[in-house]
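Observations on the three-dimensional arrangement
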Amino acid sequence: MIKLIASDIDGTLVPEGSHEISPEYFKVIEDLKEVGIRFCACSGRQYASMLDLFRPIADDIYFISGNGTVIRTKDRMLHCWPLEKDLVLLLIDAVRKIDGARFIVEMPDTCYMDCGEDSDFMKMLRDDYHYDVHNVDDVTQIPLDNVVKLAIYRDDIEPCTETFRNDPRFSHLSMLISGAKWLDVTAREAGKGEAYALLQEYLGIGIEETVYFGDNLNDLSAFHETGVALTVANARHELKEAADIVERSYRKMGVLHELRNILGHARDYIAANEELD
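Before going into details, it helps to say that this report is about the structure given with it. (Residues numbered from 1 in each chain as written. Predicted model: local features only at pLDDT ≥ 70, side-chain atom pairs only at ≥ 80, totals over all residues. Heavy atoms only, no water.)

A positive phi is found at asparagine 67, a non-glycine position, where the angle reads about 60 degrees. Its identity is not glycine, yet methionine 253 carries a phi of approximately 55 degrees, on the positive side. Structurally, methionine 253 can be placed in the loop between β14 (245-247) and α10 (254-276). (Helix = DSSP H or I, 4+ residues; strand = E, 2+ residues; numbered from the N terminus.)

Below, the structure written as structure tokens:
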């Protein structure tokens, strides 16, 4: 029987950058909890943004934020993978040379940028994503001892960051496309798959008892750390090829449909075992 379900957010549950999710998801996640199935929201987003999105059920779920750099509950940090300070400074210098790129320096609970308080980038992060974000004069002048991710934002993110991604100085890091316009730079040891595997170990749940939903390249590592991998019709072709099941798109609430199927099977399993007793 399934005991743990994790799902990406942007492009899987909601449109990219959206901060509204159907309350029907909250209902089915609570119903899953009643039959012993836990839920984990797993995203490249900052924790504050995820918390705001899932606030009605935040006490009852787990969070993997920052593209697998932080595992936590609402009240407690379980694990995080920080980057070395000198490496962060080197990354910032390199990112500033990418024409048109903007970036944030992300800690477990907040993030910083130096694009300007009134910039469109700040407005997007604050108003659309609901990030806990602070603008400073120069991000290299703030304490950088607990940075878990550098997130780069730009149109045409893949071709525009090709040189950066192939820089041998950063070959030991993880660089993953996250959403339509984001590139996330994290420690190699971090990642959605690594975080999901660690959460399973923490909860004492076997891989065969898990499900994962995702739509983008940063979800592929989690596909290797789950019993059943599911994607949505709007996903990248790499995810469709790797998935066990391709559901309807997020617009048609494909994940909700599958969650209800899992709930129904769980209830049937419990009822059958009660009859045997």
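Now, onward.
This paragraph deals with the sheet that holds strand β11 (residues 182-187). With mixed pairing, six strands are arranged side by side in an open sheet as β8-β7-β6-β9-β11-β10. In the strand order of this sheet, the two ends are held by β8 (133-135) and β10 (173-178), each with one partner. Direction aside, the axes of adjacent strands within the sheet are offset by 25 degrees on average. Where strand β6 (residues 102-106) and strand β7 (residues 111-113) come together, two bridges link them in antiparallel fashion. The residue of β7 that forms the bridge with valine 105 is tyrosine 112. In this fold helix α3 (residues 85-95) packs onto β6, β9 (149-153), β10 and β11, with an angle of close to 5 degrees to the strand it touches most, β9. Where helix α4 (residues 120-128) meets the sheet, it contacts β6, β7, β8, β9 and β11, and its direction lies at approximately 160 degrees from that of β8. (Pairing = 2+ DSSP bridges. Axes fitted to C-alpha atoms, helices over the stretch in contact; angles between N-to-C directions. Contact = heavy atoms within 4.5 Å.)

So, on to the layout of surface pockets. The computed volume of the largest pocket comes to approximately 370 Å³. Forming the walls of the largest pocket are 30 residues, and the residues nearest its centre are Glu16, Ser178, Gly179, Ala180 and Asn216. Listing elements by their share of the lining of the largest pocket, those giving two or more residues are β6, β9, α5 (157-160), β10 and β11. The class makeup of the residues in the lining of the largest pocket is 10 nonpolar, eight polar and 12 charged. Counted as a void, the second largest pocket has a volume near 160 Å³. (1 Å grid on protein atoms, 1.4 Å probe; cavity = no way out; pocket = protein on both sides within 12 Å on 5 of 7 lines; lining within 4 Å. Points joined across faces, edges and corners; volume = space filled by probe spheres on them. Nonpolar A, V, L, I, M, F, W, Y, C, P; charged D, E, K, R; others polar.)

Let us look at the state of the cysteines. Going through the model one piece at a time under the given rule, you end up with zero disulfides. Cysteine 42 supplies the cysteine sulfur nearest to cysteine 80, a cysteine that is in no disulfide, at a spacing of 15 Å. No disulfide involves cysteine 160; its sulfur sits 16 Å from that of cysteine 115, the nearest cysteine. The exposure class assigned to cysteine 160 is partly exposed, which follows from its relative accessible area of 29%. (Disulfide = S-S within 2.5 Å. Buried < 20%, exposed > 50% of the residue type's maximum accessible area, 1.4 Å probe, protein only.)

Here we take up the pattern of salt bridges. By the definition in use, this model includes 23 salt bridges. When the shortest N-O distance is used, the salt bridge between lysine 192 and aspartate 8 registers 2.9 Å. Placement of the pair is lysine 192 in helix α7 (residues 192-203) and aspartate 8 in the loop between β1 (4-7) and α1 (23-34), with a sequence separation of 184 residues. When its relative accessible area of 1% is taken as the criterion, lysine 192 is described as buried. (Salt bridge = Lys/Arg side-chain N within 4 Å of Asp/Glu carboxyl O.)

Attention now goes to empty space enclosed by the protein. As enumerated under the stated definition, the model contains one cavity of 30 Å³ or more in all. Space inside the largest cavity adds up to approximately 40 Å³. Among the elements of the structure, β10 and β11 are those that each provide at least two residues to the lining of the largest cavity. For the lining of the largest cavity, the residue count by class is two nonpolar, four polar and one charged.

Interpretation in functional terms is not warranted from these geometric data alone.
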